[in-house]
Structure formats: C-alpha cells, structure tokens
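A structural walkthrough
Chain by chain, the residues run as shown.
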Amino acid sequence: MGFSYFSPRLPSFYLVLLFLVGTSIVSADFYNEFDITWGNGRGKIINGDLLTLSLDNSSGSGFESRNEYMYGKIDMQLKLVAGNSAGTVTAYYLSSKGTDWDEIDFEFLGNLSGDPYILHTNVFSQGKGNREQQFYLWFDPTADFHTYSILWNPKSIVFSVDGTPIREFKNSESIGVPFPKDQPMRIHSSLWNADDWATRGGLVKTDWSKAPFTASYRNFKADACVVSSGKSSCNESRNPAWLSEELDNTKQERLRWAQKNYMIYNYCTDSKRFPQGFPPECKSA
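Okay, so let's go over this structure. The structure presented is a predicted model; accordingly, all values stated were derived computationally and were not measured.

1. A word on the packing of aromatic side chains
Counting across every chain of the model gives 20 aromatic pairs. An angle of 80° between the planes, with centres 5.1 Å apart, marks the rings of Phe34 and Phe63 as edge-to-face. Remark: Phe63 occurs in strand E6 (residues 61–65) and Phe34 occurs in strand E3 (residues 34–38); sequence separation between them is 29 residues. As far as the burial class goes, Phe34 and Phe63 line up, both buried. Centroid distance Phe106 to Tyr148: 5.9 Å. Interplanar angle 70°. Geometry classified as edge-to-face. Of the two residues, Phe106 is situated in strand E9 (residues 103–109) and Tyr148 in strand E12 (residues 146–152); the sequence distance between them amounts to 42 residues. A single burial state applies to Phe106 and to Tyr148, both of which are buried.

This is the structure we're talking about:
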C-alpha cells in the first residue's frame, strides 16, 4: 500500500582552546564552499548555485566543505532521488576526523516507489554513536527542494526540517554523556548504494535499471564559527545569538508534533536493545 504524504495541521505557533573573532555567514557559491571529493565525475556543480550527486552500478559520489566549523547554524536544501530509490542512501552530515570523531547525521534511506523515505538521524561523540532516531516526512522529499538544518551550539544539537525541529540532542555532560564540543567538523554529503541494509534490512535491492540515481542541493547557508589554523571566527564580544539558542515554547510544541506524528524509531524506547537500562541521556530527552 502506498504512503500518503499528509500533514496534520501544524500547531500555531567556551568555546574550546580557540582564539575566538565574529561569525561567518556563508550563502552558497558551491564552487567556493565545497569540493567534489569522489565519484569520478558523478558529482557536479552547476553555475555555482546547484550541486548534484549521482549513483550508478559502478560508483556513487560525494562532496565536503572547504571550511571546518566549531558550532553553527547550517541550512541546505535537498531534493532526493525520485521514483524507486530502494537501496540508495543520501547522507548529509557534519563530521570531524580521527578515531574518536564527532558526527551529526542526516541520512535519507530510499524506498520503493510510493513508499516513504526514512529520515535517519544519529549523533556521534568521541567515536560513539548508536543514538538513532528515524522519521517519515510530512511531504514528498523527491518532488521539490526542502530545507534540512542543523543547529549546533554548546547547549544542544537540533535537527530541523523546513524550520520544524524534529530532534534535540541536549548537552548531558553533567551526567557523563560526551558531547561534540572539542573537534571542528566539515560538512559532507554522499549518495551511495547500501542495499545490504538500507531498505527493509537489505531485503529490497537496488534496481540498477533505474540508474543513474540523482540527488540535488541548493541554497546552502552557514551562520557558523569557521575554524582556520586553530582559530575560530567567533569571539565573546560578538557572540551570535544562535550560540546560546534554545527551543522556545513554540518550537518545543512543533518538536512534540513532529515526534508524535512522524517518529518511527527512537533508541531511547528500544528496551530490547538496552536490557540493562537506557542510555543516561534518554532520561532527560
């Protein structure tokens, strides 16, 4: 049975060891902000304001930002692979380097025509993830561009879709949970084949007769602290408002709406996975 993209009515509504100088607001010229890092021509920048990634049965493709960021409010508009996208994954994320890396993930798991994409989110801190939450969307993400945003500051990480928060990962260092705060991260994205696990646990395989599969990107914006040579573009005398931003009552209401209506998996309620008790951050989630 096909999936109907229908929305219930929306409710009304320290910086670390760095020399800190203002924020950098970047609105994309993709030529200046990103490098295609793999794919042998399958990733393309078109006129500076559009970027596409493609996947065929030989290879996928990917890109990364030239800048590294240490906190930020980052927006990107994506239009996902249309039609039968089963087996494909479009990943859009922030990540640091090294074995104890930090990472903030959006991953879009393709599906058969008429079935919904699954939006998979995760947060890694010091190399530890396993903090998955998954959602359906209240629209068809292949029909048009939609804005996927990450707010990352010392208080929390907030995932938003078209301005609606869907997930908040709070800083819970006070109860022993590591939080991404020491490692600058680059923006990455990739389109790749994951038919060994992505669609119904790998039961549905990629239909290569539908290739090439293409995802599109536009309207990148980063209001963020850019790190270069160990120095950040932020300072205490010119603190951007988002650096201490928290969800107000309206956004908390919208977060509850999204989670009530569209969340399909939450690690914090998966008792079979955590028979000895849920991770400590789940108590304050």
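2. Some details on the pairing of strand E13 (residues 156–161)
Of all six residues making up E13, six are buried, and the element is well covered by its neighbours. Alternating residues of E13 divide into Ser156, Val158 and Ser160 and Ile157, Phe159 and Val161, and every residue in both groups is buried. Between E12 and E13, which pair antiparallel and follow one another directly, the connecting turn spans three residues. Pairing geometry for E13 and strand E14 (residues 164–170), over six bridges, is antiparallel. By the bridge assignment, Ser156 is partnered in E14 with Lys170. Counting the residues between successive antiparallel strands, the hairpin from E13 to E14 contains two residues, one of them, Asp162, with a positive phi of roughly 50°.

3. What about unusual backbone geometry?
Along the chain, Ala211 connects to Pro212 via a cis peptide bond; the corresponding omega equals 0°. Following the sequence through the fold, Pro212 ends up in the loop between strand E15 (186–193) and strand E16 (213–228). Here the phi dihedral of Asn40 falls at roughly 50°; this positive angle occurs in a residue that is not glycine. Secondary-structure assignment places Asn40 in the loop between E3 and strand E4 (43–46). If you check the backbone angles, Ser229 has positive phi at about 55° while not being a glycine. Among the secondary structure elements, Ser229 is positioned in the loop between E16 and strand E17 (231–232). Classification of Ser229 as exposed rests on a relative accessible area of 74%.

4. Thoughts on the sheet that holds strand E8 (residues 88–95)
Pairing within the open sheet is antiparallel, and its eight strands lie in the order E3-E6-E15-E8-E9-E10-E11-E18. Since the sheet does not close on itself, it has two edges, and those belong to E3 and strand E18 (263–266), each with one partner. Geometrically, the sheet is characterised by an average inter-axis angle of 15° between neighbouring strands, direction not taken into account. Pairing geometry for strand E11 (residues 133–135) and E18, over three bridges, is antiparallel. Bridge pairing links Gln134 to Tyr265 in E18. Its contacts with the sheet place helix H2 (residues 249–262) against E11 and E18, and it is angled at close to 90° to E18.

Rules behind the numbers
Residues numbered from 1 in each chain as written. Predicted model: local features only at pLDDT ≥ 70, side-chain atom pairs only at ≥ 80, totals over all residues. Heavy atoms only, no water. Phe/Tyr/Trp six-rings, centres within 6.5 Å; stacked < 30°, edge-to-face > 60°. Helix = DSSP H or I, 4+ residues; strand = E, 2+ residues; numbered from the N terminus. Buried < 20%, exposed > 50% of the residue type's maximum accessible area, 1.4 Å probe, protein only. Pairing = 2+ DSSP bridges. Axes fitted to C-alpha atoms, helices over the stretch in contact; angles between N-to-C directions. Contact = heavy atoms within 4.5 Å.

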